[in-house]
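Analysis of the macromolecular model
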Amino acid sequence: MRLTVNGQPYDLAIAGHESLVAILRGRLGLTGTKVACGRGECGACTVLIDGKPAYACLTLAAACEGAAVSTIEGLGAAERLHALQQAFIAHDALQCGFCTPGQIMAAAALLAQTPRPTEAEVRHGMSGNLCRCGAYPKIVRAVLDAAQRLEAARGA
Amino acid sequence: MAPRKRPPAPARGASAPPAPTEAHRPPRFVATKVEIEGREETKIVELPDRNPQPWDDAAELHVVGARVPRMDAVEKVTGGARYTADVLRPGMLWAAVVRAPAAAGRATLDVSAALARPGVRGVLTLDDVRGIRLDGMQLLDDAIHYAGQPLCVVCADHYALARAGAAAVRVTVEPAPHAVNLEQALADGAPRVRSRGNVSPRSPRLIQRGDVDAGLHDAEVTITREYRTPVALHSALEPHGAVAEWEGGRLSVWESTQGIFNTRSDLAKALGLGLSNVRVMKDYMGGGFGAKNGASAAAYLAAVAARKLGRPVRCAWDREGEQTDAGNRSATVQRVTLGAKRDGTLTAIVLDATIPLGMGGWEAGPGRIYHELHACPNVRTSETFVYTNTGPMASFRAPGHTEGAFGLESALNALAGELGLDPLELRRRNYATADQSRDRRYSAKRLDECYRRGAERFGWHDRAARRATTSATHVRRGFGMAACVWGGGGGPPAYATVRLNRDGTADVLTGAQDLGTGSRTVLAQIAAETLGAKLADVRTVLGDTERLPFASNSWGSITTASVGPAVRAAAEEARDRLFEAAAAMLDAGVTELSSRDGVISVRGSERTMTIGEACNRLGDVMIMGQGSRGPNPEQTTIPAFGAHFAEVEVDVETGRVRVVRIVAAHDSGRIINPTLAESQLEGAVLQGLGYALFEERVLDARLGLPMNPTLHDYKVPTMADAPAIEGFFVGGADTVANHTGAKGLAEPPIIPVAPAIAAAVADAIGAEMPEIPMTPWRVLAELKTAG
Amino acid sequence: MSPFTYHRATSTDDAAARLAGARAVPMGGGTDLLVAIDEGVVAPAQLVDLRGVPGADAVALDARGALRIGGAARVHDVARHPAVLERWPALAQACEAVGSPTLRQMGTMGGNLCQRPRCWYFRRGVSCFKNGGDECPAVDGENQYLAVIGGGPCHAVHPSDPAVALTALEATVEITSAGGTRTVPIAAFFVPPAEAPERETVVGPGEFVSAIGVPAVSAGGVQRYHKLMQREAWDFALVSIAAVRPAAGGVRMALGGVAPGPWRVNSSVEEDVASGGLDDDSISALAERALYDAQPLSKNGYKIEMAGALLRQAMRELAT
């Protein structure tokens with residue numbers, strides 16, 4: 001089947017039971033998406049599928065045919081960081097960094113749906129991503145900051 | 001102070017008399033005391049060649065103390081940071097672990113079906129790892145000691161195949177009675193958990209000063225309380241795991257570890273290898289919190305499997321394994337008696353504690369903080385450690401003190417209530433100006449500043465008025481506070497090398513670890529400050545035992561205080577060498593030179609050159625400096641202190657607690673990077689919040705099984721649970737501690753959280769909270785007893 | 001994960017035909033199903049993904065003002081649907097309370113109703129009534145999250161939030177198979193454990209939830225869904241309540257987290273609430289009456305207090 005990830009098509013033989021995260025990490029070398037629980041209880045594996053957030057550990061790769069999968073690697077790279085990535089750096093919204101790709105993808109989904117979230121909307125909108133290091137307060141600030149930057153860039 | 005120089009070597013010769021200086025040469029190696037997680041050890045330290053001028057409060061620093069962004073943030077936000085979980089080696093096999101389904105008994109394994117499964121390349125059982133022991137247990141033992149204990153490991157071409165293979169292993173258990181909690185372990189006729197019995201041979205651990213009986217006699221008020229704390233799980237998002245690969249007789253291991261050198265020595269010893277034949281690497285790790293302090297079971301299993309099967313092997317715990325078999329913070333039962341005068345002066349502190357340790361681990365214990373935090377002439381703690389058929393203890397962020405603070409600070413708050421005294425005032429009246437537990441001075445203590453500024457920021461003295469304001473009649477507001485102490489000094493040995501490249505960029509090489517703590521950045525800041533280089537030109541290289549000089553584990557909050565001074569010394573040596581060369585280039589005396597922001601200047605002149613220009617003019621000469629951590633000051637306790645103030649709302653109909661706000665004031669000496677320090681503080685507070693409200697490992701005592709080994713059922717805080725946290729450091733370089741003036745800061749902020757929140761809840765509902773986590777049912781139960 | 005095949009259904013008929021095969025099960029977002037498979041709770045040979053069936057994810061009003069929710073509609077989409085927010089806010093609030101934001105966007109309404117309970121004995125494979133054993137290990141164990149009403153011999157609670165709101169809204173569930181379609185009132189959708197502890201709903205092999213209907217007569221008025229959790233987010237209900245006083249009149253209340261299915265409050269209590277003129281004492285008395293049959297286990301008695309608090313609060317809200 002054809003899997004489209006970060007705009008790139010991949011033709012792969014995929015068994016029905018293989019999870020999207022196993023394919024991303026194991027076959028496509030996209031190790032930015034992390035597995036921390038494998039049961040949809042932590043959010044570390046959050047990716048976007050057609051712009052909507054999904055836990056890649058509970059997503060069957062076979063179910064993604066025809067869909068556009070986006071991972072952290074597709075959001076931005078060192079040379080051209082996405083506003084969210086910049087904001088996370090600026091606010092130190094990370095410590096060990098293991099949950100960070102998932103947090104940023106969840107934030108991207110949130111801002112796509114709610115471009116001007118309130119602080120409460122960020123807290124609840126991002127509540128599906130655990131951070132054991134406890135970077136939550138700074139993540140909230142980073143997401144609010146990124147929302148403003150993105151709005152400004154849109155010329156709003 | 002001029003750098004200390006060794007006297008010149010004496011002349012040699014058969015008939016040369018001993019040089020007059022030999023008798024007076026200062027020893028190169030001396031003993032010094034280093035405190036790690038409350039355990040004080042004597043270490044040998046090599047006296048450094050140089051002792052930089054202490055950076056006191058008057059020092060003009062430009063990079064140290066600045067809020068520079070975390071230097072590895074780009075890798076982390078782009079998904080480029082490579083964790084052990086991401087290491088893929090050519091031909092690598094994946095291991096899946098078969099775990100004991102019961103808490104005690106004997107297991108027989110039939111692995112034939114597993115070996116027959118597609119893609120399975122081999123199985124490791126007890127015979128493959130005989131002699132490798134962890135926490136007093138034989139790895140892959142066929143005697144079952146706790147549910148979840150590894151029994152064998154199946155290795156296959158892909159993880160799914162390994163798991164299928166593991167599922168095909170037939171495990172037959174001959175069950176035996178288990179003891180998974182204190183009641184079961186201490187009952188008459190209890191099953192024997194360890195060969196030595198169910199109570200640790202060092203129990204009861206008795207520590208005392210003064211005369212407690214006299215102190216109780218002198219007391220005008222005494223209170224006695226019993227407190228209970230749960231088993232808490234680190235729950236790092238990256239599970240324990242390692243990849244092992246052999247090349248001939250040389251072993252390379254990537255492990256998610258807080259101590260690459262510890263892992264190396266553990267593996268070398270277990271496998272009978274010379275240290276230089278074991279290389280341990282760790283780039284990034286997804287959390288440690290104390291659980292990852294040396295070669296894990298996964299590392300041993302990966303190494304042995306790789307040797308047996310001739311291919312690299314990854315062995316990592318899955319989440320259930322991580323929540324069952326990756327260590328834990330011990331539960332405690334603490335019976336506390338406090339005696340005091342009417343004015344609040346403590347006359348006696350007594351603790352009798354029982355701690356189920358699991359199958360092993362070290363005896364951190366709640367008792368030590370009772371001796372260390374407040375002034376009191378008479379203190380006695382007795383701690384009994386009990387073995388249970390459950391996973392062994394592993395250090396978890398301020399082990400011992402976090403459990404003990406719940407008992408001690410809650411008791412103190414209860415005493416304040418009995419006396420009608422403000423809890424803060426009670427603590428002020430029992431302020432120790434020296435370390436009474438070890439009968440020696442503090443290097444520095446600013447807990448009074450924490451009290452004062454924390455109370456001010458919180459509005460502690462206005463709380464009575466705010467208590468009345470709530471959103472509904474069934475919601476009550478409450479306020480509470482608590483304090484903490486922790487060892488902040490670190491110590492040797494730690495080494496660093498600073499190398500200047502030809503273009504003036506600098507590499508700081510040291511075998512320390514960054515757990516997300518920010519060590520990479522902090523060490524680079526110290527080096528940049530000392531070199532006078534641009535921070536952007538300085539890179540910290542960590543994580544490889546083969547390429548880097550020794551630094552100890554990143555535990556006990558010791559890294560900055562241990563490695564920072566070594567880095568500074570190395571950078572200073574490099575700078576001095578650079579200046580020697582640059583002086584000639586700039587036609588100036590060495591002592592006229594200074595550097596800042598990458599530019600070397602001559603005092604009183606316009607002549608400058610960049611560090612890069614100077615290095616380039618030297619051609620392939622490499623300017624290098626080496627530095628090491630010197631000894632700790634003698635007869636001195638190097639502490640970190642803190643005080644927390646909490647505000648909560650409690651719904652008295654449902655028992656739900658919402659933490660509104662926490663103000664956390666901390667004394668950890670000079671802060672190298674306030675942004676990163678605040679991140680550590682907030683993170684510790686959030687872990688403390690989980691401990692206070694949600695987190696407990698639940699076991700079915702009858703079945704002997706853990707019931708909640710998932711990240712949903714073991715409830716760590718979500719973003720929606722984060723309260724407003726205002727954390728700050730009161731500052732003040734502690735140059736007695738070491739010449740950078742910095743001390744440990746990552747652990748202290750977890751310690752006061754639970755007792756501060758419990759005190760706030762008690763304030764809100766008019767009933768003390770003797771047990772954490774303060775789940776709704778526990779709050780409702782206390783509300784009932786309050787009537 | 002034990003190997004299974006995956007089939008993306010192209011139509012209702014295709015789904016039904018596939019599900020008629022041996023060990024084929026319907027799949028929505030997979031957020032419970034895949035976990036249950038991983039735990040060994042279920043071991044299907046084929047997953048039939050319903051999300052691609054045209055119209056299966058639709059949420060729409062019909063001509064009579066009733067709501068039809070396709071079985072594959074995402075929980076998030078129901079939570080944010082303008083018609084649901086305006087007319088059946090209890091349902092919107094209940095959907096908003098499910099899981100985490102991402103799970104709400106992945107999970108379907110049909111899957112949410114059909115998810116397996118989260119009793120940790122059951123899910124961890126300890127022999128019990130629900131998985132074919134002959135005892136309930138929770139009775140003498142860690143039962144703090146289990147049922148206080150209607151339990152026995154199995155005491156697991158049903159974890160669905162929308163089911164509780166749908167119960168108060170007197171919704172219907174359309175179930176489709178190769179043999180056709182049947183519609184079941186939600187009150188009959190959940191199976192009491194005394195009848196068949198090994199299942200929770202009337203959905204049998206070969207069947208799937210194709211739609212949920214919410215009647216127009218349940219719309220409007222005052223509607224609330226409150227969920228008490230340990231954490232502030234991402235938790236199953238300790239206790240929850242859906243309380244509605246539709247524009248058309250009457251009061252209906254249902255509790256979640258207390259029973260093996262949503263627990264509809266006794267109609268005589270509902271009528272007394274509807275008749276109005278309640279003071280605090282009568283509210284307390286009514287709440288007690290509603291929980292009269294509660295029989296707590298050793299560790300979950302607190303749920304009765306919580307349910308009482310939610311009932312009293314709901315009655316006060318409905319009175320305004």
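The notes below deal with the structure included here. The structure displayed is predicted, hence computed values, not measured ones.

What follows covers the overall build of chain C. The helix and strand tally for chain C stands at twelve helices and twelve strands. Rg of the C-alpha trace for chain C: 19 Å, near the compact-globule value of 20 Å for 320 residues, within the 12% margin. With the C-alpha coordinates aligned to their principal axes, the bounding extent of chain C is approximately 60 × 50 × 35 Å. Scored against the burial criterion, the 320 residues of chain C give a buried share of 60%. Pairs at least 24 apart in sequence give 62% of the contacts found in chain C among residues at least 6 apart. Counting only carbon and sulfur atoms, one obtains 51% of the accessible surface of chain C, whose full area is about 11500 Å². Once the 28 positive and 34 negative side-chain charges of chain C are each reduced to a mean point, those two points are 5 Å apart.

Another point: the overall build of chain A. The number of helices and strands found in chain A is six helices and five strands. For chain A, the α and β elements follow one another from N to C terminus as β-β-α-β-β-β-α-α-α-α-α. Against the 2.2 N^0.38 benchmark of 15 Å for 156 residues, chain A shows a C-alpha radius of gyration of 15 Å, consistent with a compact globule. Projecting the C-alpha coordinates of chain A onto the three principal axes gives extents of approximately 40 × 35 × 25 Å. Of the roughly 5100 Å² that chain A leaves accessible, carbon and sulfur atoms contribute 51%.

Moving on, we get to the side chain of B:N430. Residues and elements named next belong to chain B. By secondary structure assignment, the location of N430 is in the loop between α12 (423-428) and β20 (441-442). There is a polar contact of 2.8 Å between the side chain of N430 and the backbone nitrogen of L346. Looking at N430, its side chain comes within polar contact range of the main-chain oxygen of L426, at 2.9 Å. Once residues within four sequence positions are removed from consideration, N430 is found in contact with G344, T345, L346, H374 and A375.

Attention now moves to the packing of aromatic side chains. Tallied over the full model, the rule gives 16 aromatic pairs over all chains. Ring centres 6.1 Å apart and planes at 20° place the aromatic pair A:Y55 and C:W234 in the stacked group. You can see A:Y55 sitting in strand β4 (residues 52-55) and its partner C:W234 sitting in the loop between β9 (222-228) and β10 (239-245), one on each of two chains. Using a relative accessible area of 0% as the deciding quantity, one classes A:Y55 as buried. For C:W234, a relative accessible area of 4% translates into the label buried. Taking 5.9 Å as the distance between ring centres and 50° as the angle between the ring planes, the aromatic pair formed by B:Y83 and B:Y284 counts as tilted. With B:Y83 in the loop between α1 (73-77) and β3 (93-99) and B:Y284 in the loop between β15 (278-281) and α8 (297-309), the pair connects residues that are 201 residues apart, well separated along the chain. Put simply, the rings of B:F458, B:W460, B:F479 and B:F645 pair up and form one aromatic cluster.

With that out of the way, let us pick up helix α13 (residues 447-458) of chain B. Helix length check: α13(B) (twelve residues) gives 16 Å between terminal C-alpha atoms against 16 Å at 1.5 Å per residue, within 8%. On its buried side, α13(B) packs onto α12, α14 (463-467), β21 (475-487), β30 (639-651), β31 (657-667) and β34 (724-729) of chain B.

Scanning the entire structure with this criterion turns up zero disulfides over all chains. Lacking any disulfide linkage, B:C152 is separated from the closest cysteine sulfur, that of B:C155, by 9.6 Å. The thiol of C:C114 is not disulfide-bonded; the next cysteine sulfur, from C:C95, is found 14 Å away.

Each partner contributes residues to the interface: chain C has 29 residues there, and chain B has 30 residues. Summed over both sides, the interface between chain C and chain B buries roughly 2800 Å², with carbon and sulfur atoms accounting for 56% of that surface. Along the contact surface separating chain C from chain B lie six salt bridges. In this structure, C:R312 engages B:E653 in a salt bridge whose closest nitrogen and oxygen atoms are separated by 3.2 Å. Summed over the shared surface of chain C and chain B, the result is 14 residue pairs in polar contact (both at pLDDT 80 or more). Counting residues per element, the ones that place at least two in the side of chain C that touches chain B are α8 (120-123) and α12 (302-319) of chain C. Residue contributions to the side of chain C that touches chain B peak at six residues, all from α12(C). Partitioning the side of chain C that touches chain B into residue classes produces 15 nonpolar, three polar and eleven charged.

All names here are of chain C. Of all five residues in strand β11 (residues 252-256), five are buried; the element is thus mostly enclosed. Side chains of β11 alternate between two faces, with R252, A254 and G256 and M253 and L255 buried alike. Note: β10 against β11, five bridges, orientation antiparallel. Bridge pairing in β11 links V244 to R252. Hairpin connection, β10 to β11: the antiparallel pair is bridged by six residues, and G249 has positive phi, about 105°. Sheet topology places β11 next to strand β12 (residues 263-264); two bridges connect them, and they run antiparallel. Pairing of L255 across the sheet is with W263, part of β12. Taking the residues between adjacent antiparallel strands as the criterion, β11 and β12 are bridged by six residues, where G257 takes a positive phi near 80°.

Tallying the contact residues gives 45 residues for chain A and 50 residues for chain B. Taken together, both faces of the contact between chain A and chain B bury some 3700 Å²; the carbon and sulfur share is 62%. Counting across the chain A and chain B interface gives five salt bridges. Summed over the shared surface of chain A and chain B, the result is 25 residue pairs in polar contact (both at pLDDT 80 or more). Broken down by secondary-structure element, the contributors of at least two residues to the side of chain A that touches chain B are α2 (72-75), α3 (83-90), α4 (100-113), α5 (119-125) and α6 (136-153) of chain A. No other element matches the six residues that α6(A) contributes to the side of chain A that touches chain B. In terms of residue class, the side of chain A that touches chain B is made up of 24 nonpolar, eleven polar and ten charged.

To continue, consider the sheet that holds strand β14 (residues 250-255) of chain B. All names here are of chain B. Spatial ordering of the open sheet is given by β5-β9-β3-β16-β13-β14-β15, a layout of seven strands whose pairing is mixed. Every interior strand has two partners, whereas the edge strands, β5 (120-124) and β15, have only one. Pairs of neighbouring strands in the sheet enclose a mean axial angle of 20°, with direction left out of account. Contacts from helix α4 (residues 159-167) reach β3, β5 and β9 (150-156) within the one sheet, and its direction differs from that of β3 by about 30°. Relative to β15, helix α7 (residues 260-271) is tilted by about 145°, and along the sheet it contacts β13 (241-247), β14 and β15.

Reading guide: rules and limits
Residues numbered from 1 in each chain as written. Chains lettered and ligands numbered in written order. Predicted model: local features only at pLDDT ≥ 70, side-chain atom pairs only at ≥ 80, totals over all residues. Heavy atoms only, no water. Helix = DSSP H or I, 4+ residues; strand = E, 2+ residues; numbered from the N terminus. Rg over C-alpha atoms; globule rule 2.2 N^0.38 Å. Buried < 20%, exposed > 50% of the residue type's maximum accessible area, 1.4 Å probe, protein only. Contact = heavy atoms within 4.5 Å. Areas by Shrake-Rupley, 256 points an atom, 1.4 Å probe, with all protein chains shown as cover. Lys, Arg positive; Asp, Glu negative; His and termini not counted. Charge placed at Lys NZ, Arg CZ, Asp CG, Glu CD. Polar contact = N/O pair within 3.5 Å; in protein donor to acceptor, adjacent residues only side chain to side chain. Phe/Tyr/Trp six-rings, centres within 6.5 Å; stacked < 30°, edge-to-face > 60°. Expected span 1.5 Å × (residues − 1). Disulfide = S-S within 2.5 Å. Buried area = accessible area lost by both parts, 1.4 Å probe. Salt bridge = Lys/Arg side-chain N within 4 Å of Asp/Glu carboxyl O. Nonpolar A, V, L, I, M, F, W, Y, C, P; charged D, E, K, R; others polar. Pairing = 2+ DSSP bridges. Axes fitted to C-alpha atoms, helices over the stretch in contact; angles between N-to-C directions.

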